[in-house]
Every structure is written in structure tokens, then in C-alpha cells.
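Residues per chain are reported as follows:
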Amino acid sequence: MERHAARIMLAALALTPMVSAVSPESSDSGVITQHLSPAEGAKWTGADPEKDIGVGGMLKMKTAVKKSNLSTLAITEAPHWSAYTDLWRNWWSASPVYCDAYSRSRTGSGSAYDINKIALRERVWRDGSLYNDQTQTKYNSADAQVNYQYSNWYTGGTWTAQSDHTFELSGYTSWYPVTTDSLT
Amino acid sequence: MKILKLCTVVTLFGLIGILVILAISGILISPKPPLWAMTQNTSGNDTVYSTTYNKDQVTESFGIKIFPNSAGQNETPSTALRKIGQNESLEEYLWVSNQMTKSNEFLIFGLLDYQQIPFEFNDSILKLHHTIHMAPFEESSFRFKVPPMENGTHDFELFLVMNPNQHSLNDSFRLSTDQALLGSRRINILVGNATQYSPPPVIKYIGPIQSCGSGYVLNDGLLLTTKSCDNKALFSDHVNPQKTYDYSINIAADKNYPVSVAIVPLLDYYQVPLAMNTKENVAFFNLSAGEKIAVRANIFVPKEEGVHELLVLWIPQPYVSLDDDLRSEQLYHQWATSEPSIRVGLSVGSG
């Protein structure tokens, strides 16, 4: 039986598409998943953390991993990647509903770190109906984002959002995380 | 004498400097303790996998890749192109990483030129479906063998369906399967004397379609609905056995770029025709930017009681060389990985 249990954790995973189990991110460790507080979420969305509803969202962060252990000696700093989705609404009105999703690549000091491909696909659902389906793919860039806003006289119901993110940089393991959020 | 002392001091400082650099390098490259560890104990015919992990630090994910015999499982092949001789089988390895805190079952099937084919997997006989069980955090590779194919250019894509036997009709479970619980990996194959990737001409779908208009919500993807061009997802339904069940496959290019795609319907993970009155079990589309259409589809409901899974695959850029960096900018903007529709649960009752 051809079955070999791998013993090396940081196996080279570049060009390895990942299944969306709960997410399709790369299989190495080192991913931090957080459900942000309103104060932290507001830094991404510009919402009022004290009053607006549902501010927070899901954030996944990871420091890019070199494909080969030998290159650990390389001086080049690895980029820090963030994937984020937040569904929220204003406190003073049921309308509009916002969904903000970001893919970001940064240096350790927070400056933009351009990578070969950075992308984002966001789907927003309301009570089982698709309300938004949008992608943004950028090359040699540090940011991809989708900002959706739905306005109507009634915006109640159960909203859910799912974003597929893509981070690809030559020499580094690709990363394909998924972030989700919901709002009722 | 002074020069000698000076040289000694310089050499000493040099050595100290090198030691400092090595020490720093050692700190930089010293491996962090693993967040998880798997042990494998074999007793007789039984192998027991046990995993220890820090649940606060690990994250759940799942990865796959295909690699040829000659490559190690820790290497990623630099090309998606394979060359085999006439009448030769394709022998490769599938690597799977189940980075999750629980064990999972995966159903595996393959499409050769967008047609489901039987193949050998993990020393099992030729079959359409194969199943693997992965322990928590297990990473394993499996040998597979595709029977000989005709000379020329081919595409082969392996699909893994996670938790194929989960049949809850709960809407939230159904929604969670949208573009999820499935992964795939494609390779391009040259057989015989073929020297360059030269795919056969794709026959575009010519069946009836309905335009949804550019304002339809879908972009660069698909959605299964009951009514054409609707945005209300089809999650599940109670259906009559041995009857025709109608539904709509809505597909769309992005408003900013065109897409090329192959659409493959599956019932219980077996490829089925798009509609009862056709034998076409795959449909190829080239949609221009903003083009959004609905394809009326139906299936013949099985007589077996229980929940049957209806699923449609969205396979982008069929018959495109995966190594070709010269792909047009428009194609390059298309979402590049295959995606599943929502798994629709069709419940066949006893009554």
C-alpha cells in the first residue's frame, strides 16, 4: 500500500490548491484566526465601534513561508498576509448593510509589500439568496478589496458572507484562506 | 611585531564576529517546536495514528497536490505538463494534507478530458470513485494510475470531495458547501509523439440558454436555482423517485472580463447528462464580459430512498496550458481554480 505519512511540517506547498474545508488555506501552521472586537474591526472598515452593529469580523493572518528551508538564511523579509471579512450595519438605521473584505500584504513595519498575485472573491447571502458576487484580482500589488453596500427600506434577515483569498509570491508557499462573517 | 599583534587582534575579532553571526543565524534558523505531532503505531495489520496538538495554535485547512514518480513529496513540480509514451499508463502521486483536528473522509474521482473515468488508486482496482480516510493532521501520498489514452493532448483533473456522506438538509449546511468542501488539481498530458500542448477544438454548448441580463448578481461563477436567472439558491428538495427533476444552472462571466469554463453536473458524484434529452455530460462556454446566462437542466431521480447529492462543477479555462505564462490577460483574470456549486440535497422518501 502506497501510503507515506509525511513527517515534515513545512512541506513545500506552492501551487497547491487548497480545498475549502472550513477554508482552503495552506496546510502549514502559523495561521492566526481571530474574531475581532468592534474596536479592532473598525480599523478596517471605518465603522463606529461604539454604536454600529456587527462590527468585528474574521481576520486570518500569516507570515509567508519560504518554499525551501535552505532559504531561511536569505535576508529578504517575508511578507505578512492578512485576510479579512466583516458584515455590519449602521446603528442609526437598518439600512444600509455593508460587507468589507480585504486581502493585504505588508512588511513587518506595515508598509505595502507587493506580491505576484493577490486576489479576493466575496459572496454575500441574505436568507439563502445571493446578493453580491464579486472578485478582485491584482498582479504585483499589495492589496485587493471588495466593499459591498446594500441599501433598501428593509434590510433585515440573516446575512452571511464568505470570501476566498489568494496570496501568491515567487519563492513562497501560496496561501488561499477563507474568511466568513454573519449578521442578523 | 606590532603588525603581528595587530593581525592577531584582527583575526580574533574576525573569529568572534563569525561566531556571533553563526549564533544569530542559529537563532534565526532554529526550528520552532511543532504545533502538532503525529505518531504511527503498527501492530499486525492495524495501523493506529495518534496526534497531539495545541488547539489554540493550530488552524484547520486542507491541501493537495499531484507529483510525478520522480519527484519527492516535499517538492512541488515546476510544471503541470506530463509526457508519456503511446499505450503507457499515467502513474503519479496524490498528496493530501488533512490539517484538521478531526479525521475526515474524502471521495476521489478524476476527469480525463472532462469525462469521468475509472482509474487505479492506492493499489485499488479501476473504479470511478475511491475513498480515503485521513487522521487528524495526517499528510499522506497515494499512488494512482490512469489507463493509456489516445495520442495527443489531454487534460486530467483529480477532485477530492470532503465529507461526501454528510446529507443534512439543513440550509446552513447546504450554504456552507458553496464553493467549499472540494478541491482539485489538474495536469496537462502529452501522449506519444506530441511535442507541444495542442488541445482539441472545444465544442461550445449549443443547447437552449436564457440570457439573465448584465444586471444579474452572479459574477465569474455559477449558482443552481429552481427558476432561471434567480438569485435564490437551491439547497434541497423532496423529490419523487424515477421522475425528472428540473433545475437551472446559472453561469456568468465577470462584468469586467470574459470567462471560459466547463460545466460538469454530478449526481451522487457520478457525472450525468445536463438534461434527459441529451447525452452531453459536459458543456463548454466562452462568455464575454458581463454575459450571464441560465441553462435549463434536469436529472432522472434515482429510485433509492434517502438523500441524493446534486452538484455542478465550474472548471475554469478548460484545455488551457497551465504552464503558459503567455495566457491572455483576460483569461488570466479569471478565477483560476475549479469550484463546486452548492450541494443540493434531493430527498427521496418512502411515500
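For the structure, check the block above.
Description of the structure in this document. None of these values were measured; they are calculated from a predicted model.

1. Details of the overall build of chain B
When you go through chain B residue by residue, the secondary structure sums to 3 helices and 24 strands. Look at the contacts in chain B between residues 6 or more apart in sequence, and 75% of them connect residues 24 or more apart.

2. Some words on the sheet that holds strand 1 (residues 32-35) of chain A
All names here are of chain A. Read across the open sheet, the 5 strands follow the order 1-2-3-4-7; overall the sheet is antiparallel. Looking along the sheet, the strands with just one partner apiece sit at the ends: strand 1 and strand 7 (143-150). Taking the axes of each pair of neighbouring strands and ignoring which way they run, one obtains an average angle of 10° across the sheet. As defined by bridge partners, strand 3 (residues 80-89) adjoins strand 4 (residues 97-106) across 10 bridges and the pair is classed as antiparallel. Bridging across to strand 4, A83 finds its partner in S103. In this fold helix 1 (residues 38-45) packs onto strand 2 (58-63), strand 3 and strand 4, with an angle of close to 100° to the strand it touches most, strand 3.

3. Side note on the environment of S174 of chain A
Inspection of the secondary structure puts S174 of chain A in the loop between strand 8 (159-168) and strand 9 (178-183). The exposure class assigned to S174 of chain A is buried, which follows from its relative accessible area of 4%.

4. A closer look at unusual backbone geometry
Residue and element names in this part refer to chain B. Positive phi is not limited to glycine here, since N122 has a value of about 55°. Take N122: it is sitting in the loop between strand 8 (119-121) and strand 9 (124-127). Using a relative accessible area of 16% as the deciding quantity, one classes N122 as buried. At Q317, a residue that is not glycine, the phi angle is positive and equals roughly 50°.

5. Some words on the pattern of salt bridges
In the structure shown here, the tally under the stated rule is 12 salt bridges over all chains. Of the charged contacts in the structure, one is a salt bridge between R123 of chain A and D133 of chain A, with a shortest N-O distance of 3.3 Å. One end of the pair, R123 of chain A, is in strand 5 (residues 115-126); the other, D133 of chain A, is in strand 6 (residues 129-141), and 10 residues separate them in sequence. A salt bridge links E92 of chain B to R82 of chain B, with the shortest nitrogen-to-oxygen separation between them at 2.8 Å. Here R82 of chain B lies in strand 4 (residues 81-84) and E92 of chain B lies in strand 5 (residues 90-99), a separation of 10 residues in the sequence. Pair check on accessibility: E92 of chain B and R82 of chain B agree, each one buried. Put simply, R121, R123 and D133 of chain A together with D178 of chain B are held in one network by salt bridges that share partners.

6. Details of the state of the cysteines
All names here are of chain B. Per the stated rule, a full pass over the model turns up 1 disulfide over all chains. The disulfide bridge from C212 ends at C229, spanning 2.1 Å between sulfur atoms. Taking the torsion about the sulfur-sulfur bond, which here is approximately -80°, the covalent link between C212 and C229 counts as left-handed. Residue C212 is located in the loop between strand 14 (209-211) and strand 15 (221-225), and its partner C229 is located in the loop between strand 15 and strand 16 (236-239); the two are separated by 17 residues in the primary sequence. For C212, a relative accessible area of 16% gives the class buried. The class for C229 is buried, based on a relative accessible area of 19%.

7. Topic: the environment of T79 of chain B
All names here are of chain B. Secondary-structure assignment places T79 in the loop between strand 3 (61-68) and strand 4. In this structure the C-alpha to C-alpha distance between T79 and G110, which are 31 residues apart in sequence, comes to 19 Å. Of the polar contacts made by the side chain of T79, one reaches the backbone nitrogen of L81; its length is 2.9 Å.

8. Some points on the sheet that holds strand 9 of chain A
All names here are of chain A. In spatial order, the strands read 6-5-8-9; together these 4 strands make up an open sheet with antiparallel pairing. The sheet is open, and its two borders are formed by strand 6 and strand 9, each paired with just one other strand. Across this sheet, the average inter-strand angle for adjacent strands is 10°, counted without regard to direction. As paired strands, strand 5 and strand 8 are joined by 10 bridges and run antiparallel to one another. In the strand pairing of strand 8, R121 is matched with D164.

Basis of the calculations
Residues numbered from 1 in each chain as written. Chains lettered and ligands numbered in written order. Predicted model: local features only at pLDDT ≥ 70, side-chain atom pairs only at ≥ 80, totals over all residues. Heavy atoms only, no water. Helix = DSSP H or I, 4+ residues; strand = E, 2+ residues; numbered from the N terminus. Contact = heavy atoms within 4.5 Å. Pairing = 2+ DSSP bridges. Axes fitted to C-alpha atoms, helices over the stretch in contact; angles between N-to-C directions. Buried < 20%, exposed > 50% of the residue type's maximum accessible area, 1.4 Å probe, protein only. Salt bridge = Lys/Arg side-chain N within 4 Å of Asp/Glu carboxyl O. Disulfide = S-S within 2.5 Å. Polar contact = N/O pair within 3.5 Å; in protein donor to acceptor, adjacent residues only side chain to side chain.

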